[in-house]
Structure formats: structure tokens, C-alpha cells
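# Structural description and commentary
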Amino acid sequence: MSRKSDGGLNLLGLATMIFVVAGLYMAFLYAPTEINMGLVYRIFYFHLGAVAAGFFAILVVLVAGIFYLRTSSRAWDRVAEGSAELGVVFCTIALVTGSIWARPIWGVWWTWDPRLTSFLILWLIYIAYLMLRASARDDPRVARFSAVFGIVGALDVPLVIMSARLWRSISPVLFQETAQGFTFGLTPEMVQTLVVCITANLLLYFYLLAQRVRLETLRDEVIALRRARAAN
Amino acid sequence: MRFFRQIAAIIQKDLAAELRTKENLSAMIVFALLVLVIFNFAFELQGVDITVLGSGVLWVAFTFSGILGLGRSFAAEKDKGSLEGLLISPVDRGAIFVGKAVSNWLFITAMEAVTLPLFAILNNVSVPWFPLIPYILLGTIGFAAMGTLLGAVAASTKMREVMLPILLFPVTVPLLMASVKLTSGAIQGRAFAEVSNWFSILLTYDVVFLVTAFLVFEYVVEE
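Remember, it's a predicted structure, so these values are computed and weren't measured experimentally. (Residues numbered from 1 in each chain as written. Chains lettered and ligands numbered in written order. Predicted model: local features only at pLDDT ≥ 70, side-chain atom pairs only at ≥ 80, totals over all residues. Heavy atoms only, no water.)

### Describing the overall build of chain B
- Helix and strand content of chain B: nine helices and zero strands.
- Listing the helices and strands of chain B from first to last along the sequence gives α-α-α-α-α-α-α-α-α.
- For chain B, the C-alpha radius of gyration of 18 Å lies close to 17 Å, the compact-globule estimate for 223 residues.
- Each principal axis of the C-alpha distribution contributes one length, and for chain B these read about 55 × 35 × 30 Å.
- Across the 223 residues that make up chain B, the buried fraction comes to 50%. (Helix = DSSP H or I, 4+ residues; strand = E, 2+ residues; numbered from the N terminus. Rg over C-alpha atoms; globule rule 2.2 N^0.38 Å. Buried < 20%, exposed > 50% of the residue type's maximum accessible area, 1.4 Å probe, protein only.)

### Some points on the overall build of chain A
- Along its length, chain A carries seven helices and zero strands.
- Listing every helix and strand of chain A by position from the N terminus yields α-α-α-α-α-α-α.
- Its C-alpha atoms put chain A at 70 × 40 × 25 Å along the principal axes.
- Across the 232 residues that make up chain A, the buried fraction comes to 45%.
- Restricting to contacts in chain A with at least 6 residues of sequence separation, those with at least 24 account for 77%.
- Working note: accessible area of chain A is about 11,900 Å², and carbon and sulfur atoms make up 69% of it.
- Positive and negative side-chain charges of chain A, numbering 20 and 14 respectively, have mean locations separated by a distance of 6 Å. (Contact = heavy atoms within 4.5 Å. Areas by Shrake-Rupley, 256 points an atom, 1.4 Å probe, with all protein chains shown as cover. Lys, Arg positive; Asp, Glu negative; His and termini not counted. Charge placed at Lys NZ, Arg CZ, Asp CG, Glu CD.)

### Some details on the packing of helix α5 (residues 93-122) of chain B against helix α6 (residues 129-155) of chain B
All names here are of chain B.
- The interhelical angle for the contact between α5 and α6, taken along N-to-C directions, is 140°, at an axis separation of 8 Å. Classified by the interaxial angle, the pair formed by α5 and α6 is oblique. For the pair α5 and α6, the crossing hand works out as right-handed. Contacts between α5 and α6 involve F97, K100, A101, N104, W105, I108, T109, E112 and L116 from the first element and W129, L132, I136, L137, T140, I141, F143, A144, A145, T148 and L149 from the second.
- Its residues placed into classes, the contact of α5 with α6 shows 14 nonpolar, four polar and two charged. (Axes fitted to C-alpha atoms, helices over the stretch in contact; angles between N-to-C directions. Parallel < 35°, antiparallel > 145°, perpendicular 65-115°, else oblique. Left-handed = near helix turned anticlockwise from the far one by under 90°. Nonpolar A, V, L, I, M, F, W, Y, C, P; charged D, E, K, R; others polar.)

### With respect to empty space enclosed by the protein
All names here are of chain B.
- Under the definition given, this model contains two cavities of 30 Å³ or more.
- Around the largest cavity, the lining residues are W59, T63, G139, F143, T172, L175, L176 and S179.
- Elements with a contribution of two residues or more to the lining of the largest cavity: α3 (50-79), α6 and α8 (173-187).
- Its residues placed into classes, the lining of the largest cavity shows four nonpolar, four polar and no charged. (1 Å grid on protein atoms, 1.4 Å probe; cavity = no way out; pocket = protein on both sides within 12 Å on 5 of 7 lines; lining within 4 Å. Points joined across faces, edges and corners; volume = space filled by probe spheres on them.)

### Remarks on the interface of chain A and chain B
- If you look at the interface, chain A gives 30 residues, while chain B gives 31 residues.
- Of the roughly 2,900 Å² buried where chain A meets chain B, counting both sides, 78% is carbon and sulfur surface.
- Taken together, chain A and chain B are joined by zero salt bridges.
- Counting every contact that joins chain A to chain B gives three residue pairs in polar contact (both at pLDDT 80 or more).
- Breaking the side of chain A that touches chain B down by element, the ones donating at least two residues are α4 (114-135) and α5 (142-168) of chain A.
- When residues of the side of chain A that touches chain B are assigned to their parent elements, the largest contribution, 16 residues, is made by α5 of chain A.
- Classifying every residue of the side of chain A that touches chain B gives 22 nonpolar, three polar and five charged. (Buried area = accessible area lost by both parts, 1.4 Å probe. Salt bridge = Lys/Arg side-chain N within 4 Å of Asp/Glu carboxyl O. Polar contact = N/O pair within 3.5 Å; in protein donor to acceptor, adjacent residues only side chain to side chain.)

### Overview of the confidence of the model for chain A
Residue and element names in this part refer to chain A.
- Residues of chain A with pLDDT of at least 70 account for 91%, and the chain-wide mean is 87.
- Mean pLDDT values for the elements of chain A range from 45 in helix α6 (residues 173-183) up to 94 in helix α2 (residues 43-71).
- Note that residues 170-181 has pLDDT below 50 and, in this model, twelve contacts with residues that lie over four places away or in other chains. (pLDDT = per-residue confidence, 0-100.)

### Quick word on the layout of surface pockets
- A volume near 820 Å³ is recorded for the largest pocket.
- Forming the walls of the largest pocket are 34 residues, and the residues nearest its centre are W167 of chain A together with L176, M177, V180 and K181 of chain B.
- Residue assignment for the lining of the largest pocket shows that the elements contributing at least two residues are α4 and α5 of chain A together with α2 (23-43), α3, α8 and α9 (192-221) of chain B.
- Residues belonging to the lining of the largest pocket are distributed by class as follows: 21 nonpolar, nine polar and four charged.
- Counted as a void, the second largest pocket has a volume near 510 Å³.
- What lines the second largest pocket is a set of 20 residues, and nearest its centre among them are A17, E18, N24, A76 and K80 of chain B.
- Of all elements in the fold, only α1 (2-21), α2, α3 and α5 of chain B reach the threshold of two or more residues within the lining of the second largest pocket.
- Ranked by residue count, the leading element in the lining of the second largest pocket is α3 of chain B, at six residues.

Here you go:
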């Protein structure tokens, strides 16, 4: 790791911090309170940001998996692993914040709404991915296994979303209601806040991913140095 | 032509090995029957409308029992060292995948062929064979393809018996949803137009994952 890339990392960290602070300010103070839902709606600024990062992470797992299989370069494997770990974190945040929001608004902690269902399955795919990595840790082919599973899991996501939608279309009450509530009726301030919050989450995702990859690279270097010393 | 001869040889090998002992298939059938029995008591199926819950029960029996067979398929190859033999022989990796997937599909289908009539008899439900059998055969294609790919992955991990369901179930959710919906549509005698969306999801799943599994399989088995 050269000093130059560390500088880039710090810059990314700084940008993340600015956006997170701005996002917090906007979500709590700048954005007006929603008439029907009241203050509780503000959790959606955090929720949607986590959703965006959670979805983005599986895309990175897919792309990194394909590149790993093509190049066999350890760097892509590190990216895929880090991205899957962050996927779990952001998906968990999204599920928990969604649940907290759903309790007062829908009156239930959980409902098999298409988006909730899809997200739960996505979360399970990430968990399975990490369990596979843990279970095959000593195998030199672990990177290939996880790349294959990552690709399969990511390709599964659109089909999960499609089938979850179709599943609920028999009783579309909730779906209609929420679609109305969130695609329409947003004031310009709300849209600005949303954009800042989603950007903040994505920046945080990239920053943590870069740190995670850096950590893994350093670990590999340490192992290589130890081996070299033991050989001498 | 060579490619298809290789596939045929692998299927023949798997069938010969299974027919000699019939261990795997009989275990799968007994397990599927047990699932039907357990569900009968768990849900008290006598009291409820079986046309509503039946398709779910049937597919749980199919998938749980299918996983048993899929898990054995590569575990047996690994334990006896025959996978190395297959890899050393001049056989295309794609042919190994297709061969294993087809034989897995045949075993699961054979189990389903016994389970479905048992389900119909035990629950006194008349099963419309025509639309139902194609649905089950198509649903089993995607399940066998994914199961073959992920079975090969799971067989190389430490906790192989546990790993396969953990890997396979999350990624077969759309397939399972579509199969259950199509099956209940058939049992309830609904028109095809009502379930045609599910049919497209099932076909899409089969095509997407047959192609994907075929393409990535070599990375899983290569040492």
C-alpha cells in the first residue's frame, strides 16, 4: 500500500463524513415533517440509504466475481468478500429501520410485502455467501466457490423481486398504498434530503469497502513477510 | 456429437451405480413419504382444504427429499475419488455438468413420480395429470441444475450436509414460488391464463440458471 492511495482513502473518508453530517442535519432538521406519518417518516432517509447500499453491494459482488473468475486476481476476491460483508450490514440496517417504521404505520413489525420479502431473501443470500466462505476457508478454491455463488446469488435477485411482486399482486392493498405514499407527495426539500442521505450511505459503503480491502491486502503482506522470514 | 456421447456416458455411469444399490433413491422416496406424513399431523390436513395447502406440502416434500439426493451425488464422487478420475479423463467440463444435472434430474423425477400418487391417495385429492406433470418436470429442471452446481460447491466444504440447503434454498426461492403457484393452480383447476406469469418466471429461471451453471461449473470442479 503506497502513501498515495492512503491519501485517496482519507479524501474519501472526509467526503463521507461531510455527507453523513449533512444528511443527519437534513433528515432531522431541514426536511419538513410529513403530514400523515409525522416524525416517524424521517427514518426513511436512513432506511432508503441502507437499501441503496445493500442493493449496490450485491452488484459489486457480481462484477467482482466475474472479474475474479476471468483474471484469478486476489484483489477482486477481496472486493467481493468485503462487499458481501457490507451487504449484510446495510441489509440488516434496512430491515431493522424498515421494521421500526412499519410498526406505527402499518401496525405490524413485519409483513410479506414484495420489497420486504425480496430484501429478506437478499439478506439470506449474503449470509449464505459468508457461511460458504467461512466453511471453505482452508480450501485454496474458496475464492472460486464464493465467486460462483456470488454470481448465482446476484442473478437470482431480479427473479426474486419479480416473483415477490407477483406473489403479492393477489392482495395488492399494501403495495398500492405505499407506492402512492413514496413516489408522490415528496416536497423538493424531501427529495434533496433523500439524495444527500443516499449519497452519504453509498460513500460510507465505498469508504468501508476500501478500508476492508486495504486490511485484507495488508494481512496478505504480513503473511508473505512471515513466510519469507521463516524460509531464511 | 462427442459432447453428447460424453454426457450419455456420465448419465449411464450414475444410473448404473444407483441401480446396483438403489440406496439413494429409496432413501429419497422414504424421506418424501415421511414429509407427507409429518405435514399431515403438523397441519391436520384432514380438516382443511387440501387444494389450498397441498401444493406447498408437495413441494416441501420434493425439495427436501431432492436435497438428500443432490447432496449424495457429489459427496459420493468425492469420497470414492471418482471426481478426480472424471476430471483427468478427456471429458468436457460442460459435459460433466450436464451429465450430472440430468442424472440428478432423473433421480428427483423418479422420487416425484412415486411421491405424487402417494400424495393424491393419502389426501384424497384428484390430481389433474396434464398441466401438473409438465410443471413439476420444468420446476425440477431448475432445481436439479442449481443443486448440481451448488452440490459440487458444498461437497468441497467442511460442513457439506448443512451447506447445501443453506446455499440452495435462498437462490431457489423464485423457482419454488412459481412451482407452488403453478401446482396449486393446476390442482384447483384454474385456467392457464391466470398462472401464465408464474409459468414465465419458471421458464426464465430454468433458462438463466441452466446457462449460468453450465458456464461457471468448470471453476467449481477444477483443482
